[in-house]
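So the chains spell out like this:
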Amino acid sequence: MFFEARRRAGGGVLAQPYPSKPVRVVIPWPPGGSNDVVGRIALQKVAESLGQQFVIDNRAGAAGSIGADVVAKAPADGYTLMVHSTTHLGNASLYKKLPYDTLRDFVGVALLAAQPGALTVHLSLPAKSVREFIALAKSRPGQINYSSSGNGSAPHLSMALFISMAGIKIMHIPYKGGTPQVTALMSGETQASLATISTVLTHINAGRLRALGVSSANRSGVLRNVPTIAEAGVPGYEMNPWIAVFAPAGTPKDIVNRLNAEINKALKHPDVSLSLANQALDPWSATPEEFEARLRLDYEKYAKLINLTGATIE
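*Asks:* Before we move on, could you go through the pairing of strand β9 (residues 171–174) and cite the residues and values that matter?
*Replies:* Where strand β8 (residues 145–148) lies against β9, 4 bridges are found, and the strand directions are parallel. Bridge pairing links Ser147 to Ile173 in β9. Handedness of the crossover is the feature at issue here: the chain leaves β8, passes through helix α5 (residues 154–166), returns alongside β9, and the resulting connection is right-handed.

Here it is, written out as structure tokens:
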């Protein structure tokens, strides 16, 4: 079944199936990053299913807010979508002023994948477990440095929650992106990081970094021997950043539902599952209603964490 979009042509009304023309997909991050990779993998499969092009438009800058503004102001007709991460929610509290309203100006279409992190340390640090790391940090307050991919980023906020729940004091050193964040950890410039698994997996597997715990509620499929932070010493801890598809607010519900069904079908395809697994990303299917509930919960969670860190951008 196709959902109908109507337009006037030659004085009459012509019914057309959706999508009847290419769909623009704004990814507000550079090519090659997690958002870009996941968006291309999943939406290529959707394009094949629907028989229409989904054209990727990378609009990087200002932690995704430049591209998000483009989408917020686009027609709400299903022909402009956005692939963005939980950074989209954090920006609402991190930036003093945004040219759009994060909740009101967008509708959540579908979740794509979870981006769990791993509490990872330099080999020079004697801690071999989460409990040992906490004990070490308490014995050396303010003397352990941790790197993140920037103020308000998922690695920053994931560690901020860990610090708060563990009752420790370690020093934040922000970097401009995941690569320099991990480079600093590898060199010993920083001693710890709660990095996205995909950015540290190769180094962990090669024995160049030590993983103590993962941030998700369940163990990672690519780090099966690494416990969750919750089971390893901080009960109740969970940070599971995600990547998802959004559309401008007001996009017809039938189009949102159709896209959601197609995306969820794509996530179950073996090729897509394998491609995401190779990126240490976990496919995450949800209905529009489930995604909306998650959006509101995470919006509040991120706001509290950013307030806790005191991070802000003019």
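Let's pick the thread back up.
*Asks:* Please set out the side chain of Gln181 residue by residue, giving values where relevant.
*Replies:* Following the sequence through the fold, Gln181 ends up in helix α6 (residues 178–187). Leaving out residues up to four positions away in the same chain, Gln181 has contacts with Ser147, Ser148, Ser149, Pro155, Tyr175, Ser193, Leu194 and Ala195.

*Asks:* Please give an account of the packing of α5 against helix α10 (residues 288–309) that cites residues and values.
*Replies:* The N-to-C vectors of α5 and α10 enclose an angle of 75 degrees; their axes lie 10 Å apart at closest approach. When the interaxial angle is binned, α5 and α10 end up roughly perpendicular. In this structure, α5 uses His156, Leu157, Ala160, Leu161 and Ser164 to contact α10, whose residues at the interface are Lys301, Tyr302, Leu305, Ile306, Leu308 and Thr309. Looking at side-chain class alone, the contact of α5 with α10 contains 7 nonpolar, 3 polar and 1 charged residues.

*Asks:* Requested: an account of helix α8 (residues 253–267), with residues and values cited.
*Replies:* Over its 15 residues, α8 runs 21 Å from end to end, which matches the ideal 21 Å to within 8%, given 1.5 Å per residue. Within the span of α8, buried status applies to Ile255, Val256, Arg258, Leu259, Asn260, Glu262, Ile263, Asn264, Ala266 and Leu267.

*Asks:* Give me the sheet that holds strand β11 (residues 209–214): which residues, what numbers.
*Replies:* Strands pair in a sheet through their backbones, by hydrogen bonds, and they do so in one of two ways: parallel or antiparallel. Read from one edge to the other, the open sheet built from 5 strands follows the order β9-β8-β10-β7-β11, with strand pairing classed as mixed. Looking at the sheet topology across the chains shown, the edges are occupied by β9 and β11. In this sheet, neighbouring strand axes are inclined to one another by 30 degrees on average, regardless of whether the strands run parallel or antiparallel. Docked against the sheet, helix α7 (residues 197–205) engages β7 (117–122), β10 (192–196) and β11, running at close to 115 degrees with respect to β10.

Rules and cut-offs
Residues numbered from 1 in each chain as written. Predicted model: local features only at pLDDT ≥ 70, side-chain atom pairs only at ≥ 80, totals over all residues. Heavy atoms only, no water. Pairing = 2+ DSSP bridges. Helix = DSSP H or I, 4+ residues; strand = E, 2+ residues; numbered from the N terminus. Right-handed = clockwise from strand over helix to strand, strands pointing away. Contact = heavy atoms within 4.5 Å. Axes fitted to C-alpha atoms, helices over the stretch in contact; angles between N-to-C directions. Parallel < 35°, antiparallel > 145°, perpendicular 65-115°, else oblique. Nonpolar A, V, L, I, M, F, W, Y, C, P; charged D, E, K, R; others polar. Expected span 1.5 Å × (residues − 1). Buried < 20%, exposed > 50% of the residue type's maximum accessible area, 1.4 Å probe, protein only.

Shape is all these values report; function is a separate question.
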